Amino acid sequence: MPRTTDPSVTATGATPWRSRLAAYKHLPQVKPIPPALVARLGEGLMVVPSPRDVDAAMRRVPAGRLSTVRALAADLAEAHGAQVGCVVTTGIFATLVARAADEDERSGETTPTPYWRTLKADGSLNPKYPGGVERQMQRLEAEGHVVVQQGRLLRVQDGPGPSPAPTRGGRRAPGSKLP
């Protein structure tokens, strides 16, 4: 295998997660809500956020507070003048951000993105984050949250439950906005 001088490639040949956050140069995109989703979301615009947008949104969740992927997507939609945010893309990029933050922390970064404060769209802990739900639970408990098991899922007691899905027309129910 040929050697590379590209600083974004590690000794193992893998691109660092932080570099992957910048790899989506075509995002964000604001576009019409796809026809297949209009019946559920209504007409209007949807933002497909960039990984950097998701990273910035996750960094804004302060200690002691929580958010969900659905709430982040809604906040990003509002910031981009759209009616809805793509929850699927936001969730995928939340995992990418978590891996980049873990990599940053292992390399000595003292203020990584606090990914553990962002729960899945349904309000449960995310098994795809570094260290799985066990590590996310440890981080949340270290910040004073109580994690409980509900069925097969782990959730934060008194934390956000399933975030309301956008109503027809793309707007969330009043009072459903999280940090």
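Up top is the structure.
The notes below deal with the structure included here. Everything quoted here is computed from the prediction, not taken from an experiment.

Looking only at helices and strands, the chain features 6 helices and 7 strands. In sequence order, the secondary structure elements of the chain are arranged as α-β-α-β-α-β-α-β-α-β-α-β-β. Here the chain has roughly 9700 Å² of accessible surface; of this, 54% comes from carbon and sulfur atoms.

Once that is clear, we can look at the pattern of salt bridges. If you walk through the whole model with that rule in mind, you get 8 salt bridges. Notably, a salt bridge pairs Glu 105 with Arg 135, separated by 3.6 Å at the nearest N-O pair. Placement of Glu 105 in helix 5 (residues 87–106) and of Arg 135 in helix 6 (residues 132–142) is noted, with a sequence separation of 30 residues between them. Among the ionic contacts, a cluster of salt bridges with common partners joins Asp 102, Glu 105, Arg 106, Arg 135 and Arg 139.

Turning to helix 6, its buried residues number three or more, namely Gly 132, Val 133, Gln 136, Arg 139 and Leu 140. The buried side chains of helix 6 occupy one side of the element, clustering within an arc of 125° when seen end-on. Facing away from the buried surface of helix 6 by more than 90 degrees, the exposed residues are Gln 138 and Ala 142. In the core, the buried residues of helix 6 are packed alongside helix 5, strand 5 (118–119), strand 6 (147–150) and strand 7 (153–156).

Another aspect to go through is the environment of Pro 127. Assignment of secondary structure puts Pro 127 in the loop between strand 5 and helix 6. Taking C-alpha positions, Pro 127 is 9.8 Å from Leu 154, a pair spaced 27 residues apart along the chain. Pro 127 has contacts with Lys 120, Gly 132 and Val 133, leaving out every residue within four places of it along the chain.

Turning next to the side chain of Arg 155. Looking at where Arg 155 falls in the secondary structure, it is placed in strand 7. Buried Arg 155, no salt bridge; nearest opposite-charge side chain is Asp 122, N-O distance 4.3 Å. A polar contact is formed between the side chain of Arg 155 and the backbone oxygen of Asp 122, at a distance of 2.4 Å.

In a packed pair of helices, the relevant descriptors are the angle between the two axes and the axis-to-axis distance. It is at 9 Å that the axes of helix 4 (residues 69–79) and helix 5 come closest, and there the two elements cross at 115°. Relative to helix 5, the element helix 4 lies roughly perpendicular. For the pair helix 4 and helix 5, the crossing hand works out as right-handed. Facing helix 4, whose interface residues are Val 69, Arg 70, Leu 72, Ala 73 and Leu 76, helix 5 presents Val 87, Thr 90, Gly 91 and Ala 94. Tallied by class, the residues present in the contact of helix 4 with helix 5 amount to 6 nonpolar, 2 polar and 1 charged.

What counts as what
Numbering of residues begins from 1 in every chain and follows the order in which that chain's sequence is written. Per-residue local features are limited, in this predicted model, to residues with pLDDT of at least 70; the limit for side-chain atom pairs, both in listing and counting, is 80 or more; totals at the level of whole chains, interfaces and linings are taken over all residues. Calculation of side-chain values draws on the structure's entire complement of heavy atoms; hydrogens and water are dropped beforehand. Here a helix means four or more residues in a row that DSSP labels H or I, a strand means two or more in a row labelled E, and each is numbered from the N terminus. For the accessible areas, the method is Shrake-Rupley and the probe is 1.4 Å, while residue cover comes only from the protein chains on display. We count a salt bridge whenever a side-chain nitrogen from Lys or Arg sits within 4 Å of a carboxyl oxygen from Asp or Glu. For each residue, the accessible area found with a 1.4 Å probe, counting protein chains only, is set against the maximum for its type, and the residue is called buried under 20%, exposed over 50%, and partly exposed in between. Taken from the helix axis, the directions to the C-beta atoms give the arc we talk about. Residues are treated as being in contact if the distance between any of their heavy atoms lies within 4.5 Å. Under this rule, positive means Lys or Arg and negative means Asp or Glu; His and the chain ends count for nothing. Within 3.5 Å is the distance limit for a polar contact, defined as a pair of N or O atoms, with the added protein rule that one can donate a hydrogen and the other accept it, and that residues adjacent in sequence qualify only through two side-chain atoms. Angular values range over 0 to 180 degrees, each being the angle between N-to-C directions of two axes fitted as lines to C-alpha atoms, with helices fitted over their stretch in contact. Oblique is the label for any angle not covered by the other classes, which are roughly parallel (under 35 degrees), roughly antiparallel (over 145) and roughly perpendicular (65 to 115). Handedness of each helix crossing follows the sense of rotation of the near helix against the far helix: counterclockwise by less than a right angle gives left-handed, clockwise gives right-handed. Residue polarity is assigned by list, with Asp, Glu, Lys and Arg as charged and Ala, Val, Leu, Ile, Met, Phe, Trp, Tyr, Cys and Pro as nonpolar; anything else, Gly included, falls into the polar class.

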